[in-house]
Amino acid sequence: MKSNVWHPNTQMSEWKNFPEITNAKGVWLIDSDGKKLLDGVASMWCNVWGHSKHELVNSIVKQTKKLQHSSMFNLTNQPVERLAKKLTTLSPGMNHVFFSDNGSTAMEVAIKIALQYWSNLGIKKTKIATLENGYHGDTFGAMSVGYIPEFFVNFKSKLFPTIRFPVPNKYRVPKNYTFSDYQNFCLDKIEKKISNNDSIAAFVMESGAQMAGGVIIYPNGFQKKINKICKDNDVLFILDEIATGFGRLGSMIEYENQHCKPDIVSFGKMLTGGYLTFAATLTTNKIYSTFLDQFNNMKHLFHGHTYTGNPTAASLSLTNLQLYEKYDLIEKVKSKSRIFQKRVNEFLDLELVGDVRTKGLVMGIELVSNKKNKTPLKTKKSINKLVFEEGRKHNVYFRTLGNIVMLVPPLAISSNEMNFLIDGTLKTIQGITSELK
Ligand SMILES: Cc1ncc(COP(=O)(O)O)c(C=O)c1O
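Residues numbered from 1 in each chain as written. Predicted model: local features only at pLDDT ≥ 70, side-chain atom pairs only at ≥ 80, totals over all residues. Heavy atoms only, no water.

*Asks:* Can you lay out the domain arrangement of the protein chain for me, pointing to particular residues and giving the numbers?
*Replies:* Domain parsing of the protein chain yields domain 1 (12-52 + 329-436) and domain 2 (57-326). For domain 1 versus domain 2, the separation of C-alpha centres amounts to 27 Å. On the domain 2 side, the residues contacting the 35 residues of domain 1 number 29 residues. Here domain 1 meets domain 2 over a buried area of about 2600 Å², counting both sides, of which 61% is carbon and sulfur. Linking domain 1 to domain 2 there are two salt bridges. (Domains from an automatic or database assignment. Contact = heavy atoms within 4.5 Å. Buried area = accessible area lost by both parts, 1.4 Å probe. Salt bridge = Lys/Arg side-chain N within 4 Å of Asp/Glu carboxyl O.)

*Asks:* Report on unusual backbone geometry, specifying residues and quantitative values.
*Replies:* The backbone of W45 shows a phi angle near 70°, a positive value even though the residue is not glycine. Although it is not a glycine, K269 sits at a positive phi angle of roughly 35°. Summarising the element assignment, K269 is placed in the loop between β11 (264-267) and β12 (279-283). (Helix = DSSP H or I, 4+ residues; strand = E, 2+ residues; numbered from the N terminus.)

*Asks:* Provide a residue-level description of the site of the ligand, including the pertinent values.
*Replies:* Residues in close proximity to the ligand include W45, N102, G103, S104, Y135, H136, G137, E206, D240, I242, A243 and K269, which together make up its full environment. K269 is positioned with one of its side-chain polar atoms (N or O) 3.0 Å from an oxygen atom of the ligand. Split into classes, the residues belonging to the shell around the ligand amount to four nonpolar, five polar and three charged. (Near = heavy atom within 4 Å. Polar contact = N/O pair within 3.5 Å; in protein donor to acceptor, adjacent residues only side chain to side chain. Nonpolar A, V, L, I, M, F, W, Y, C, P; charged D, E, K, R; others polar.)

*Asks:* Quick rundown of the nonpolar core? Include the residues and the values.
*Replies:* Residues F203, Y324 and F347 are the most contacted members of the largest nonpolar core, which totals 85 residues. The leading source of residues in this core is helix α11 (residues 311-326), at seven residues. Split by domain, the residues of this core number at least three in each of domain 1 (12-52 + 329-436) and domain 2 (57-326). Setting aside chain neighbours within four positions, we find F203 in contact with A129, T130, L131, F165, I190, I194, I226, C230, V235, L236, F237 and I238. Grouped together as the second largest cluster of nonpolar side chains are 22 residues, I111, V204, I238 and A279 included. (Core = buried A, V, L, I, M, F, W, Y, C linked by side-chain atoms within 4.5 Å. Buried < 20%, exposed > 50% of the residue type's maximum accessible area, 1.4 Å probe, protein only.)

*Asks:* With reference to specific residues and values, describe the packing of helix α7 (residues 179-195) against helix α8 (residues 222-232).
*Replies:* Between α7 and α8, whose axes approach to 10 Å, the crossing angle comes to 15°. By the angle between their axes, α7 is roughly parallel relative to α8. Crossing of α7 over α8 shows right-handed handedness. Along its contact with α7, which presents Q183, C186, L187, I190, E191 and I194, the element α8 presents F222, K225, I226 and I229. Classifying every residue of the contact of α7 with α8 by side-chain character gives seven nonpolar, one polar and two charged. (Axes fitted to C-alpha atoms, helices over the stretch in contact; angles between N-to-C directions. Parallel < 35°, antiparallel > 145°, perpendicular 65-115°, else oblique. Left-handed = near helix turned anticlockwise from the far one by under 90°.)

*Asks:* Describe the pairing of strand β5 (residues 127-131), with residues and values.
*Replies:* Look at any regular strand and the pattern is simple: side chains alternate between the two faces of the sheet. With four of five residues buried, β5 is to be regarded as a mostly interior element. With four bridges connecting them, β5 and strand β7 (residues 200-206) associate as parallel partners. The residue bridging K127 from the neighbouring strand is I200, located in β7. (Pairing = 2+ DSSP bridges.)

*Asks:* An account of the pattern of salt bridges is needed here, citing residue identities and associated values.
*Replies:* For the structure shown, the criterion picks out 18 salt bridges. With its nearest N and O atoms 2.4 Å apart, the salt bridge here joins D31 to R392. You can see D31 sitting in strand β2 (residues 28-31) and its partner R392 sitting in helix α14 (residues 383-393), a full 361 residues away along the chain. A salt bridge links E389 to K381; its shortest N-O distance comes to 3.0 Å. Taken together, the shared-partner salt bridges connect R172, D355, R357 and E366 into one network.

*Asks:* Which residues make up helix α12 (residues 329-342), and what values go with them?
*Replies:* For the α-helix, the turn length of 3.6 residues means that residues three or four positions removed from each other point alike. Over its 14 residues, α12 runs 20 Å from end to end, which matches the ideal 20 Å to within 8%, given 1.5 Å per residue. Buried positions along α12 lie against α11, α13 (344-348), β13 (353-359), β14 (362-370), β17 (404-407) and α15 (415-436). (Expected span 1.5 Å × (residues − 1).)

*Asks:* Give a description of the packing of α14 against α15 that names residues and reports values.
*Replies:* Think of two packed helices as two axes; the pair is described by the angle between the axes and how far apart they sit. Here α14 crosses α15 at 120°, and the two axes come no closer than 9 Å. Classified by the angle between their axes, α14 and α15 sit oblique to one another. For the pair α14 and α15, the crossing hand works out as right-handed. Where α14 approaches α15, its residues L386, V387, E390 and G391 are matched on the opposing element by K427, T428, G431, I432, E435 and L436. Along the lines of polarity and charge, the residues of the contact of α14 with α15 split into four nonpolar, three polar and three charged.

Structure follows, in structure tokens:
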């Protein structure tokens with residue numbers, strides 16, 4: 001059957017057809033041939049409990065029967081009120097929540113809140129600072145702050161300029177630097193620029209690690225120091241916890257783990273457990289209060305979506321967050337992350353593997369064609385397709401990011417399933433190694 005579907009970030013000419021997933025249970029996706037695939041990327045990093053978790057399914061059904069959707073324009077609903085309370089209780093320093101539909105929109109909202117905050121105060125600060133190699137989504141504002149050349153070069157002319165700083169990557173430290181020296185170099189650069197430029201409205205970065213940039217885990221204290229530079233220079237600090245919040249790195253709220261106090265933070269992906277699309281942008285009383293004034297002064301936030309504050313997604317998110325507590329999920333993630341750590345060397349022994357980076361329940365395996373020169377692997381066919389096809393043979397579903405094989409399983413994965421995932425990944429990399437010869 002000829003398909004009319006255009007798939008995301010996909011060279012469609014490479015694919016005759018796509019395996020069709022018909023159902024799923026726990027960490028397993030099942031396709032129309034009955035083949036089981038371990039969901040190695042948690043359905044793009046959002047699945048928490050595995051598929052068909054009955055508490056989550058019931059929550060959707062129950063709320064849909066009562067009120068499936070009602071607008072937040074002039075109205076409110078109970079699930080959204082309760083979820084906002086829950087999120088502000090979980091997130092230190094945060095008092096107000098703006099709901100949107102996905103990670104990209106949550107970042108658009110964050111940027112707009114920051115820019116309008118300064119405008120509401122009558123202060124001219126309009127520039128945005130950010131880190132190179134960051135990723136914040138595919139809409140125009142998000143692309144501007146998370147500019148990755150290979151992804152976004154076609155749209156460059158329409159993106160707003162940002163001030164970008166290098167980020168220390170232990171595997172690729174520039175010549176003549178130790179890692180620690182390079183980290184200091186990056187921080188000095190940020191400090192010098194920010195303290196000499198009073199037009200910077202906000203600094204935007206992912207919290208804990210750059211995920212789409214290839215699992216670049218920040219060194220200890222790096223994020224906290226940027227937070228301090230921002231505070232000292234009256235620059236708003238915006239954190240993106242869309243991929244790293246709610247447990248991925250072994251912490252519920254990663255900025256707390258990093259000892260940071262952001263002004264604005266965005267969550268998405270795992271907020272609903274991976275069952276519906278939803279996202280939230282949180283901010284402080286200090287910021288929110290500048291949006292309060294007489295209507296005619298036009299200081300209210302100029303942003304809104306049709307599905308903003310959808311009660312079904314809100315009710316589902318609440319159930320999901322309650323389950324974290326019920327099952328003590330963060331402690332389990334911490335203990336299971338040791339399986340990844342223990343098995344790192346098995347990957348490093350492989351011919352194609354240059355580096356392995358892991359924290360919590362994420363592992364980034366960097367494929368290289370030359371270990372000595374650290375030359376990133378390049379193949380005729382996309383590496384993603386190669387890895388995906390080989391992975392299928394070993395019952396694992398992969399989606400690589402360029403030359404990085406990402407292991408991002410559902411957080412509630414069992415130890416046996418983690419070992420299955422790791423074994424399958426080792427076999428997959430060995431399999432493509434022989435294919436490339
Ligand atoms: C850190 C980060 N921010 C934002 C986004 C965009 O989220 P979405 O794909 O839901 O728009 C992503 C998606 O991968 C992400 O990893």
